[in-house]
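Residues per chain, in single letters:
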Amino acid sequence: MATVDPKYITVSDDVLYIGVDDLKIDLFEGQYAAPEGMSYNSYLILDEKVCIMDTTDPNTKDEWEQNLITALNGRTPDYLVVLHCEPDHAACVSWALEKWPQCQVICSAKAAQFLPQFSDFDYTGRIQAVKEGEKLSLGKHELEFFMTPMVHWPEVMMAYESYDKILFTADAFGKFGALCHETDDWACEARRYYFNICGKYGAQVQAALKKTAKFDVKIIAPLHGPVLRENLMYYGKLYDTWSKYEPETKGVFIAHCSLHGNTAQAAQLLKDELAALGEKVAISDLCRDDMAEAVEDAFRYDRIVLAAPTYDSGIMPAMDDFLHHLKSKAWQRRSVALMENGTWAPQSARLMRNQLAEFKDITVLDQQVTIKSSVKAETREAIKALAKALTH
Ligand code: FEO
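Residues numbered from 1 in each chain as written. Predicted model: local features only at pLDDT ≥ 70, side-chain atom pairs only at ≥ 80, totals over all residues. Heavy atoms only, no water.

Chemist: How do you make sense of the overall build of the chain when you look at a structure like this?
Modeler: Across its full length, the chain carries twelve helices and 21 strands. Projected onto the principal axes, the alpha-carbon positions of the chain cover approximately 75 × 40 × 35 Å. For the chain, with 392 residues in total, the buried portion stands at 57%. Considering only residue pairs separated by 6 or more positions, the chain has 71% of its internal contacts joining residues 24 or more positions apart. Roughly 16,400 Å² of accessible area belongs to the chain as shown, and the carbon and sulfur atoms make up 48% of that amount. (Helix = DSSP H or I, 4+ residues; strand = E, 2+ residues; numbered from the N terminus. Buried < 20%, exposed > 50% of the residue type's maximum accessible area, 1.4 Å probe, protein only. Contact = heavy atoms within 4.5 Å. Areas by Shrake-Rupley, 256 points an atom, 1.4 Å probe, with all protein chains shown as cover.)

Below you can see the structure in the form of structure tokens.
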């Protein structure tokens with residue numbers, strides 16, 4: 001575990017950060033690389049009533065408990081708001097309820113249903129389920145709750161605190177990375193987080209954004225990543241773009257896989273041709289690079305090239321897997337070009353085209369490149385032609 005930069009500790013005079021940086025994590029949700037760690041954010045509002053906002057992940061339980069007890073400074077929590085009951089935020093709810101028998105959970109009706117599924121704790125009489133627009137007065141601080149289902153689970157709600165104008169956004173506006181490793185480049189790991197965690201739920205994120213529009217927000221307090229205080233329009237605009245499935249960056253993303261390096265060579269040649277034409281290009285080796293980052297780039301750019309050999313009369317598995325990821329995240333509204341390879345019966349382009357026909361609003365260029373084993377003079381010509389087609 002790590003010490004958090006003091007600038008994140010005090011959200012406002014009465015709202016304290018009590019979350020934890022996890023630097024030991026290898027995979028978030030058991031699948032996403034977290035090389036810079038992860039923060040599990042939790043907050044404490046000290047007013048006439050004392051309110052905890054979410055807890056933490058099981059792996060950081062001891063440090064969170066210590067943070068909470070220190071921040072309480074002898075006071076007793078009256079409420080524990082659970083905006084999201086996924087275990088990375090709700091693992092310590094039952095511990096807090098056991099420790100403070102008068103403490104009540106405030107959550108959505110769905111969360112009231114889900115919470116008991118995660119432990120043997122008896123929640124009878126310990127949960128107050130709130131409805132859309134319901135308010136909770138803590139003294140001068142008042143929380144207004146509103147439901148934001150599927151951002152990122154069905155039970156999720158957000159809360160607006162009207163005194164300091166804090167929007168508690170659950171997973172929304174979160175990112176990969178521990179706070180002690182935070183840099184100025186918020187978007188890079190926020191984008192990878194968004195598309196892999198919430199990418200499928202663009203319509204629900206749009207609905208949530210519309211609900212937040214009525215609030216005068218000065219601070220965004222998410223459950224991962226830094227508390228956001230400045231230039232909030234920037235973050236809101238990115239979330240609007242991402243959740244509408246609009247490309248963020250004009251450019252081409254080349255995703256490739258290769259058995260013996262020939263398809264990779266062709267992909268690299270295409271990258272060079274596109275760069276020479278003035279295009280911004282990103283490239284990823286699906287067998288070696290981070291799949292979650294490839295998914296992120298597929299959403300980020302307006303055009304994508306899929307380059308894969310034929311394998312066992314099908315598509316090389318890394319590309320098959322990538323397409324599966326894109327389908328499951330509702331990837332849509334993009335233009336695609338295809339490159340295939342095969343020594344005796346190249347057919348991966350046809351098979352990729354068939355799969356893409358099942359996606360929403362994907363345009364596949366007629367022009368494609370077929371490599372017969374290795375890059376020849378005619379392949380180079382076809383790559384040049386494809387680069388030109390992609391720039392029109
Ligand atoms: Fe950060 Fe959906 O949990």
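Read on for the rest.
Chemist: What exactly am I supposed to notice about the pattern of salt bridges here?
Modeler: Where charged atoms from two side chains of opposite charge come close, those side chains can pair. Scanning the model with the defined rule gives 16 salt bridges in all. The closest approach of N and O atoms between Asp14 and Lys140, which form a salt bridge, is 3.2 Å. Note that Asp14 is positioned in the segment before β1 (15-17) and Lys140 in the loop between β11 (135-137) and β12 (142-147), a separation of 126 residues in sequence. For the salt bridge of Arg303 with Glu279, the shortest nitrogen-to-oxygen distance reads 2.8 Å. Within this pair, whereas Arg303 is found in strand β18 (residues 301-311), its partner Glu279 is found in the loop between α8 (262-276) and β17 (281-285), the two being separated by 24 residues in sequence. With respect to class, Arg303 is no different from Glu279; both count as buried. One network of salt bridges, in which partners are shared, links Lys135, Glu144 and Lys214. (Salt bridge = Lys/Arg side-chain N within 4 Å of Asp/Glu carboxyl O.)

Chemist: How do you make sense of the sheet that holds strand β10 (residues 127-129) when you look at a structure like this?
Modeler: Strand pairing in a sheet relies on backbone hydrogen bonds. The paired strands run either parallel or antiparallel. Pairing within the open sheet is mixed, and its six strands lie in the order β1-β6-β7-β8-β9-β10. Strands with a single pairing partner mark the edges of an open sheet, and in this sheet they are β1 and β10. Geometrically, the sheet is characterised by an average inter-axis angle of 25° between neighbouring strands, direction not taken into account. Examined bridge by bridge, strand β8 (residues 79-81) and strand β9 (residues 104-107) share three bridges and lie parallel to one another. Residue Tyr79 lies in a different strand from β9, and its bridge partner there is Gln104. Packed on one face of the sheet, helix α1 (residues 61-72) meets β1, β6 (43-46) and β7 (50-53) and runs near 15° to β6. (Pairing = 2+ DSSP bridges. Axes fitted to C-alpha atoms, helices over the stretch in contact; angles between N-to-C directions.)

Chemist: How should I be thinking about the environment of Met147 in this particular structure?
Modeler: With respect to the helices and strands, Met147 occurs in strand β12. Spatially, the C-alpha atom of Met147 lies 7.7 Å from that of Lys131, the residues being 16 residues apart in sequence. In contact with Met147, other than residues within four places in its own chain, are Ser108, Val130, Lys131, Glu132, Val156, Met157 and Lys211.

Chemist: What exactly am I supposed to notice about the nonpolar core here?
Modeler: Within soluble globular proteins, side chains that are nonpolar tend to cluster in buried spots. Trp186, Leu306, Met319, Phe322, Trp331 and Leu356 are the most contacted members of the largest nonpolar core, which totals 66 residues. At eight residues, helix α5 (residues 186-198) tops the list of elements feeding residues into this core. Aside from chain neighbours lying at most four places away, what touches Trp331 is Ala298, Phe299, Ile304, Leu326, Val336, Leu356, Phe359, Lys360 and Ile362. (Core = buried A, V, L, I, M, F, W, Y, C linked by side-chain atoms within 4.5 Å.)

Chemist: For this particular structure, what's the right way to read the packing of helix α10 (residues 317-328) against helix α11 (residues 348-356)?
Modeler: How two helices pack is summed up by the angle between their axes together with the distance between the axes. For the pair α10 and α11, interaxial distance at closest approach is 11 Å and the crossing angle is 10°. The orientation of α10 with respect to α11, classified from their angle, is roughly parallel. Crossing angle aside, the handedness with which α10 passes α11 is right-handed. On α11, the residues that touch Met319, Asp320 and Leu323 of α10 are Met352, Gln355 and Leu356. Along the lines of polarity and charge, the residues of the contact of α10 with α11 split into four nonpolar, one polar and one charged. (Parallel < 35°, antiparallel > 145°, perpendicular 65-115°, else oblique. Left-handed = near helix turned anticlockwise from the far one by under 90°. Nonpolar A, V, L, I, M, F, W, Y, C, P; charged D, E, K, R; others polar.)

Chemist: Just to check I follow, could you spell out the sheet that holds strand β13 (residues 157-161) for this structure?
Modeler: Read across the sheet, five strands follow the order β11-β12-β13-β14-β15 without closing on themselves; strand pairing throughout is mixed. Taken across any chain shown, the strands that pair with only one partner, and hence form the sheet edges, are β11 and β15 (219-221). Direction aside, neighbouring strands of the sheet carry axes that sit 20° apart on average. Here three bridges tie β13 to strand β14 (residues 166-168), and the two strands are oriented antiparallel to one another. Within β14, the position partnered with Ala159 by the bridge is Phe168. In this fold helix α6 (residues 202-212) packs onto β12, β13 and β14, with an angle of close to 150° to the strand it touches most, β12.

Purely spatial values, then, with no claim about function.
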